[in-house]
Amino acid sequence: MPTASPARKSSASKPAAAKGGKPGKESDHPIFSELGFPVDPNNLYRQTVGSMLQAADLMDLPHHLKIILAQPKNEIMVNFPVKMDDGTYRLFKGYRVQHNNALGPFKGGLRFHHDVHLDDVKSLAFLMTMKCSLVGVPYGGGKGGIKVDPYKHSKSEMERIVRRFTTAIAHQIGPDYDIPAPDVGSNAQHMAWIADTYSFLSEVGGHQPEAVITGKPVEFGGSLGREKATGQGVVDTLVEMLPEVGVEIKSCKFSVLGFGNVGSWTGKILQDKGAKMIATMDHTGAIRNDGGIDAHQLAEHVRKTGGVAGFKGATRIDKDEFYKTKVDVFVPAALEQMIQEPEAQLLNCKVVAEGANAPTTPAGERVLEARGIEVLPAILCNSGGVTVSYFEWVQNKTCQQWELNDVDRELNKHMIAAAKRTRDARKKYKCNLRTAAYIAALERLASAYSVRGIFP
Ligand code: NAD
């Protein structure tokens, strides 16, 4: 599915998050100058690490852990040439950032998008470390990507781009070291080409080389339930957390920003539980139907046409109307930094369930908090994807194929446990859910570091 540029590009000149206040300290933490962070307060990496540092301060995390976690362990950048269908050559840039592996191998998706930057990849890798720790899977965090618009290339060009990128990073990944997965713009077919290229290069057929990557097609080592896993995890989190804000899932109304993998599966599963999708927006436009938009039919329309525009079961609306639509739950499931102050002012909901990574800026979050809107943070809400990726990896390593019921049941256990850890931290530290989720994640990392020590 084609994706437009992240919202921040059009709003780079927006004012910085206010200094001081709540939650505002993330914009000027002393560790930023100690480590030479980018000074732009709209920088995604600065914002995501800033939120973590706020939690780290509150729980009194030792300084050495703050600096270790504020920077990735490895930042890999590669440039590689690929022959196009017309015989010309183009040079592509790829990234793999390995943030932390204190809890296990680096783990995280590969984004194929024309607007991927190193700092975005660093943020997403950092979030993976936090997410894996919170949801209790034995992984660290990584992320990667290629600066490419996958929808502007033929299948054969994409195959050469993906295989050549795999070759460029093959020595830096591995089933026990760094295990990529899909993200925006990449899909199961791309994962299959990566697994095939890696197994050819590593010449270790027989040692489950396909475990080097997750999100593969089911017929080539993929897990049942992986495709829907992130959406399923969003819904599992909502089922667990909504009673606290007095919303019943059966009668709940919701809207979804981004109707790709995460958005469409969240929509379909919520609808199957009795909830009603009132509005949605993607890069092709926004639509609304107060009587409910059928998420299954819409997903089929998107598969055929590439976007939500033109769907017969709803009326086209403009962007502001989309954000203003009254719902119980708003699910951002597109790109980063799309909920800034103006969008946060427009939202008319009780809960924001972050399906996307880092969709809410600190300034946007302050507005939501002041308006009494509860935010279920991404590291909790969208951790279903990496959890089922872990199940896929376990199945590959042990030559098993789990039933879908088993995958869903185990996923639900992880999601409920992560929600409970987050709630417990909120109670103990009297903070918002984002800070609580970071504290719960940091507690596990801090325990690991205290027994491992730091070499030498
Ligand atoms: P996707 O490419 O399948 O879907 C992205 C959606 O965002 C599309 O509907 C696209 O139209 C929409 N979009 C892009 N730019 C937009 C714009 N400017 N305005 C409105 N809509 C826009 O990607 P995905 O896999 O669903 O990922 C979505 C988010 O969820 C990302 O932040 C990703 O990192 C995160 N995430 C994905 C997974 C996963 O398993 N796929 C897991 C965890 C987190």
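Residues numbered from 1 in each chain as written. Predicted model: local features only at pLDDT ≥ 70, side-chain atom pairs only at ≥ 80, totals over all residues. Heavy atoms only, no water.

K.L.:
Any chance you could explain the nonpolar core here in plain terms?
P.N.:
Grouped burial of nonpolar side chains is what soluble globular proteins tend to show. Of all hydrophobic cores here, the largest spans 91 residues; its most connected members are V49, M52, M130, L238, L298, V329 and L442. The biggest single contributor to this core is helix α16 (residues 433-452), with 12 residues. In contact with V329, not counting residues within four places along its chain, are L238, L242, C252, K253, F254, S255, V351 and A353. Formed by 23 residues, the second largest nonpolar core is a distinct cluster that contains I146, I194, A195 and V212. (Core = buried A, V, L, I, M, F, W, Y, C linked by side-chain atoms within 4.5 Å. Buried < 20%, exposed > 50% of the residue type's maximum accessible area, 1.4 Å probe, protein only. Helix = DSSP H or I, 4+ residues; strand = E, 2+ residues; numbered from the N terminus. Contact = heavy atoms within 4.5 Å.)

K.L.:
I keep staring at the sheet that holds strand β1 (residues 74-83) and nothing clicks. Help me out?
P.N.:
Two modes of strand pairing occur in sheets, parallel and antiparallel, and in both the strands are linked by backbone hydrogen bonds. Reading across from one edge, β1-β2-β4-β3-β5 is the order of the five strands in this open sheet, with mixed pairing throughout. In the strand order of this sheet, the two ends are held by β1 and β5 (178-182), each with one partner. With strand direction ignored, the average angle separating the axes of adjacent strands in the sheet is 20°. In this structure, β1 lies alongside strand β2 (residues 89-100), joined through 10 bridges in antiparallel fashion. Considered in β2, the bridge of V78 is made with G94. (Pairing = 2+ DSSP bridges. Axes fitted to C-alpha atoms, helices over the stretch in contact; angles between N-to-C directions.)

K.L.:
Explain the domain arrangement of the protein to me, please; I cannot follow it from the model alone.
P.N.:
Often the size quoted for an interface is simply the accessible area lost on bringing the parts together. Taken domain by domain, the protein holds domain 1 (19-70), domain 2 (74-220) and domain 3 (229-381). The straight-line distance from the C-alpha centre of domain 2 to that of domain 3 is 28 Å. Taken together, the contacts link 10 residues of domain 2 with seven residues of domain 3. Of the roughly 720 Å² buried between domain 2 and domain 3, counting both surfaces, carbon and sulfur atoms make up 62%. Considering only the surface of domain 2 that becomes buried against domain 3, L127, K131 and L134 emerge as the three largest contributors, covering 52% of it. There are one salt bridge connecting domain 2 and domain 3. The salt bridge partner of E336 is R111, with a shortest N-O separation of 2.8 Å. Seen at the junction of domain 2 and domain 3, the total is two residue pairs in polar contact (both at pLDDT 80 or more). The leading source of residues in the side of domain 2 that touches domain 3 is helix α4 (residues 118-135), at five residues. Split by residue class, the side of domain 2 that touches domain 3 holds five nonpolar, one polar and four charged. (Domains from an automatic or database assignment. Buried area = accessible area lost by both parts, 1.4 Å probe. Salt bridge = Lys/Arg side-chain N within 4 Å of Asp/Glu carboxyl O. Polar contact = N/O pair within 3.5 Å; in protein donor to acceptor, adjacent residues only side chain to side chain. Nonpolar A, V, L, I, M, F, W, Y, C, P; charged D, E, K, R; others polar.)

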